[in-house]
Amino acid sequence: MAIGKEPGQKGVSWSNIAVGAIMNMFEVTTLGQPLEVLKTQMAANRSQTMFQAIQTVWSRGGIAGFYQGLIPWAWIEASTKGAVLLFTASEIESGAVSMGVNPAAAGLLGGMGGGIVQAYATMGFCTCMKTAEITRHKQAAAGIKPPSTWAVFADIWRREGIRGINKGVNAVAVRQCTNWGSRMGFARLAESSIRKLKGKGENEKLTPYEKILASSIGGALGTWNQPIEVVRVEMQSMAKSAERGEKKTIFNVLRYIYKENGIKGLYRGVTPRIGLGIWQTVCMVSFADYVKAWVKSR
């Protein structure tokens, strides 16, 4: 994965901040946001099939419907969370490796630390607003004209303040910790396995295809925590439910979803999330390696 320091490098690698921001902006502006919208649509409307979810998103303006919430929230989030993730994970991973931790465990620790820091530092309010933007159509179904994104922001701020804007941030932190810990840990493990299968030494470079394959494995396996994502979407959804209640703790919402939709409800949207996880890991691991190498060569 090569998000740590280069051999012999001392001190903090500040360039990872810029690389992380660039790569996350690229990821979300290409395939990231459409997959995010589809995943959120299915997680928020657990009775819909994937085809029905695609139809619903398409009905909001065709292709533009799949980029709902991209501007400004997804761009704001991507430009900050990518920087925080890559920088924090890099420092933790390189520190772990220097203490003799194996690459897979170091990747796991780096990803977990980076995920937690990015959640609390940058993602709470942006993820909340993106989800509110994507799920506002539920109000329309009840005969209420959905407000604009900025009106939603102002209303939440007026009623609940900073805590309302960061609603669901604990679920986001759990998700990001397990997301990137799993993705980076599995990707590192896959890289080591590929090296063994190919008879390559620990310091030999993998081919671009091998790096993308390792990242894809890490991204796909990292979706085991889909129930946490479904809980996060439900906690941040604009929809109201008397049965769910106003006190939305992680465990209360988890129990509510299981009661309403069973175990399948906790895994709604897992298919587009596998695609999203693969794309995010390829961008933030494999592609980021090449960008980092280019930056260091300048």
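Note that the coordinates shown come from a computational prediction; the quantities given were computed from them, not determined experimentally.

## Some thoughts on the overall build of the protein chain
Line of reasoning, step 1. Within the protein chain, the regular secondary structure consists of 11 helices and 0 strands.
Line of reasoning, step 2. Put simply, the protein chain runs from its N terminus to its C terminus through helices and strands in the order α-α-α-α-α-α-α-α-α-α-α.
Line of reasoning, step 3. Per-residue burial over the protein chain gives 53% buried out of 298 residues.
Line of reasoning, step 4. Partitioning the contacts of the protein chain with sequence separation of at least 6, the portion at a separation of at least 24 is 79%.

## Concerning the packing of helix H1 (residues 15–44) against helix H3 (residues 70–98)
Line of reasoning, step 1. Where H1 contacts H3, the two axes come as close as 7 Å, and the packing angle between them is 135°. Classed by the angle they form, the pair H1 and H3 counts as oblique. Pair H1 / H3 crosses with right-handed handedness. Where H1 abuts H3, its residues Asn16, Ile17, Val19, Gly20, Ala21, Asn24, Met25, Val28, Thr29 and Gln33 lie against Leu70, Ala74, Trp75, Ala78, Ser79, Lys81, Gly82, Ala83, Leu86, Phe87 and Ser90.
Line of reasoning, step 2. Within the contact of H1 with H3, the residues separate by chemical class into 12 nonpolar, 8 polar and 1 charged.

## Description of the nonpolar core
Line of reasoning, step 1. Listed in full, the 11 residues of the largest apolar core are Ala43, Ala44, Ala171, Val230, Val231, Val233, Met235, Val253, Tyr256, Ile257 and Leu266.
Line of reasoning, step 2. Going through the elements one at a time, H1, helix H9 (226–236) and helix H10 (250–265) are the ones with two or more residues in this core.
Line of reasoning, step 3. Examining the composition of this core, we find that 4 residues originate from one element, H9, more than from any other.
Line of reasoning, step 4. One finds Met23, Leu86, Ala89 and Ala288 within the second-largest nonpolar core, a separate group that totals 9 residues.

## Considering the environment of Met112
Line of reasoning, step 1. When you line up the elements, Met112 lands in helix H4 (residues 103–135).
Line of reasoning, step 2. Take Met112: its relative accessible area is 30%, and that puts it in the partly exposed class.
Line of reasoning, step 3. Separated by 23 residues in sequence, Met112 and Ala89 place their C-alpha atoms 7.8 Å apart.

## Things to note about the packing of H1 against helix H11 (residues 270–297)
Geometrically, a packed helix pair is captured by the angle between its two axes and the distance between the axes.
Line of reasoning, step 1. Look at H1 against H11: their axes get within 9 Å of each other, and the N-to-C directions meet at 165°. When the axis of H1 is compared with that of H11, the two are roughly antiparallel. At the point where H1 passes H11, the crossing takes the right-handed sense.
Line of reasoning, step 2. Taken together, the residues that form the contact of H1 with H11 break down as 16 nonpolar, 8 polar and 6 charged.

## Quick look at the side chain of Gln280
Line of reasoning, step 1. Among the structural elements, Gln280 can be located in helix H11.
Line of reasoning, step 2. Classification of Gln280 as buried rests on a relative accessible area of 9%.
Line of reasoning, step 3. In contact with Gln280, not counting residues within four places along its chain, are Glu27, Lys81, Trp180 and Arg183.

## Focus: the environment of Arg46
Line of reasoning, step 1. In this structure, Arg46 sits in the loop between H1 and helix H2 (50–58).
Line of reasoning, step 2. Counting along the chain gives 222 residues from Arg46 to Arg268, while the straight-line C-alpha distance between them is 5.9 Å.
Line of reasoning, step 3. Those residues in contact with Arg46 that sit more than four places away from it in its chain are Val230, Glu234, Tyr256, Ile257, Asn261, Gly265 and Arg268.
Line of reasoning, step 4. At a separation of 2.7 Å, a polar atom in the side chain of Arg46 contacts the side chain of Asn261.

## Examining the confidence of the model for the protein chain
Line of reasoning, step 1. In the predicted model, the protein chain carries a mean pLDDT of 83, and the fraction of residues at 70 or more is 84%.
Line of reasoning, step 2. Low pLDDT, under 50, characterises residues 1–10; the predicted model gives this stretch 32 contacts beyond four residues in sequence or across chains.

Cut-off values and rules
Residues numbered from 1 in each chain as written. Predicted model: local features only at pLDDT ≥ 70, side-chain atom pairs only at ≥ 80, totals over all residues. Heavy atoms only, no water. Helix = DSSP H or I, 4+ residues; strand = E, 2+ residues; numbered from the N terminus. Buried < 20%, exposed > 50% of the residue type's maximum accessible area, 1.4 Å probe, protein only. Contact = heavy atoms within 4.5 Å. Axes fitted to C-alpha atoms, helices over the stretch in contact; angles between N-to-C directions. Parallel < 35°, antiparallel > 145°, perpendicular 65-115°, else oblique. Left-handed = near helix turned anticlockwise from the far one by under 90°. Nonpolar A, V, L, I, M, F, W, Y, C, P; charged D, E, K, R; others polar. Core = buried A, V, L, I, M, F, W, Y, C linked by side-chain atoms within 4.5 Å. Polar contact = N/O pair within 3.5 Å; in protein donor to acceptor, adjacent residues only side chain to side chain. pLDDT = per-residue confidence, 0-100.

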